[in-house]
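Spelled out, the chains give:
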Amino acid sequence: MKSLKPKRCAASKCRKTFTPRSGLQCVCSPRCAVEFTREREAKKKRRESRAWTRVQLEGMKTKPMLMKEAQSEFNKYIRARDRYRFCISCGKAPKSEHLTGGSIDCGHYRSIGSSPEHRFDEDNAHGQCKHCNRHRSGDVVHYRIGLMLRIGLNRVDELERNHEMPNWTRDDLRNIRDHYRARANELRRSG
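With that out of the way, let us pick up the overall build of the protein. When its secondary structure is counted, the protein shows 6 helices and 4 strands. Dimensions of the protein, computed from the C-alpha atoms along their principal axes, are close to 75 × 40 × 30 Å. In the protein, buried positions account for 34% of the 191 residues. Looking at the protein alone, contacts between residues at least 24 apart form 60% of all its contacts between residues at least 6 apart. About 12,900 Å² of surface is accessible on the protein, with carbon and sulfur atoms providing 53% of the total. For the protein, the separation between the mean place of its 44 positive charges and that of its 23 negative charges on side chains is 14 Å.

Time to look at the packing of aromatic side chains. According to the stated counting rule, one finds 5 aromatic pairs in the structure shown. With centroids separated by 5.8 Å and ring planes inclined at 80°, the aromatic side chains of Phe74 and Phe120 adopt a geometry described as edge-to-face. Here Phe120 lies in the loop between β3 (104-108) and β4 (125-129) and Phe74 lies in helix α2 (residues 63-81), a separation of 46 residues in the sequence. Between Phe74 and Tyr180, the aromatic rings sit 5.0 Å apart at their centres with planes inclined by 90°, giving edge-to-face as the arrangement. Here Phe74 is found in helix α2, whereas its partner Tyr180 is found in helix α6 (residues 170-190), with 106 residues between them in sequence. Residue Phe74 is classed as buried on the basis of its relative accessible area, which comes to 0%. An aromatic cluster is built from Phe74, Tyr77, Phe120, Trp168 and Tyr180, whose rings are joined through pairwise contacts.

On to the nonpolar core. In this structure, Phe74, Ile78, Phe120, Trp168, Leu173 and Ile176 are the most contacted members of the largest nonpolar core, which totals 14 residues. Sort the elements by how many residues they give to this core and α2 lands first, with 6 residues. Beyond its immediate sequence surroundings of up to four residues, Phe120 is in contact with Met67, Ala70, Gln71, Phe74, Trp168, Leu173, Ile176 and Tyr180. Ile88, Tyr143, Leu147 and Val156 belong to the second largest nonpolar core, which has 7 residues in total.

Basis of the calculations
- Residues numbered from 1 in each chain as written.
- Predicted model: local features only at pLDDT ≥ 70, side-chain atom pairs only at ≥ 80, totals over all residues.
- Heavy atoms only, no water.
- Helix = DSSP H or I, 4+ residues; strand = E, 2+ residues; numbered from the N terminus.
- Buried < 20%, exposed > 50% of the residue type's maximum accessible area, 1.4 Å probe, protein only.
- Contact = heavy atoms within 4.5 Å.
- Areas by Shrake-Rupley, 256 points an atom, 1.4 Å probe, with all protein chains shown as cover.
- Lys, Arg positive; Asp, Glu negative; His and termini not counted.
- Charge placed at Lys NZ, Arg CZ, Asp CG, Glu CD.
- Phe/Tyr/Trp six-rings, centres within 6.5 Å; stacked < 30°, edge-to-face > 60°.
- Core = buried A, V, L, I, M, F, W, Y, C linked by side-chain atoms within 4.5 Å.

Here it is in structure tokens:
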């Protein structure tokens, strides 16, 4: 029978080097085994407490907080979706592939302020270079031209019609946030 390699005791107060009798032994003595078990139980309780606190905090979020989170996740999804496309307004390639601090924004054809019902409409939001989105106020004229090429005139006309403002509930906003978070993560994983 071959001898096992020396290990460090898993009990945080001990940490002595010892030679285990079996491959599963992780502590050097019965006293350390009791201590190690107590540490694991305390860690488990802390983890459960944090999970409970997260649930409580999620329930306390206001509608504006959830709207902000949903908008942030939607914008991340649009940037991930359009990261390899050219700017919808000027047609230039993005300068870098960084999704948050890079050169691409989530530009809305109909702004959120003037048309909040299109806030989470994927036809209304496309990757746009920061210059066009921020310094040229969205460059709406060229945005419309790029939009017609990308989605077609019928869908652009549908966007330009007035729609009824949806009354999103807190649960709706949580679902939107989680949906776009999952889709953005899926796009990032796929390359």
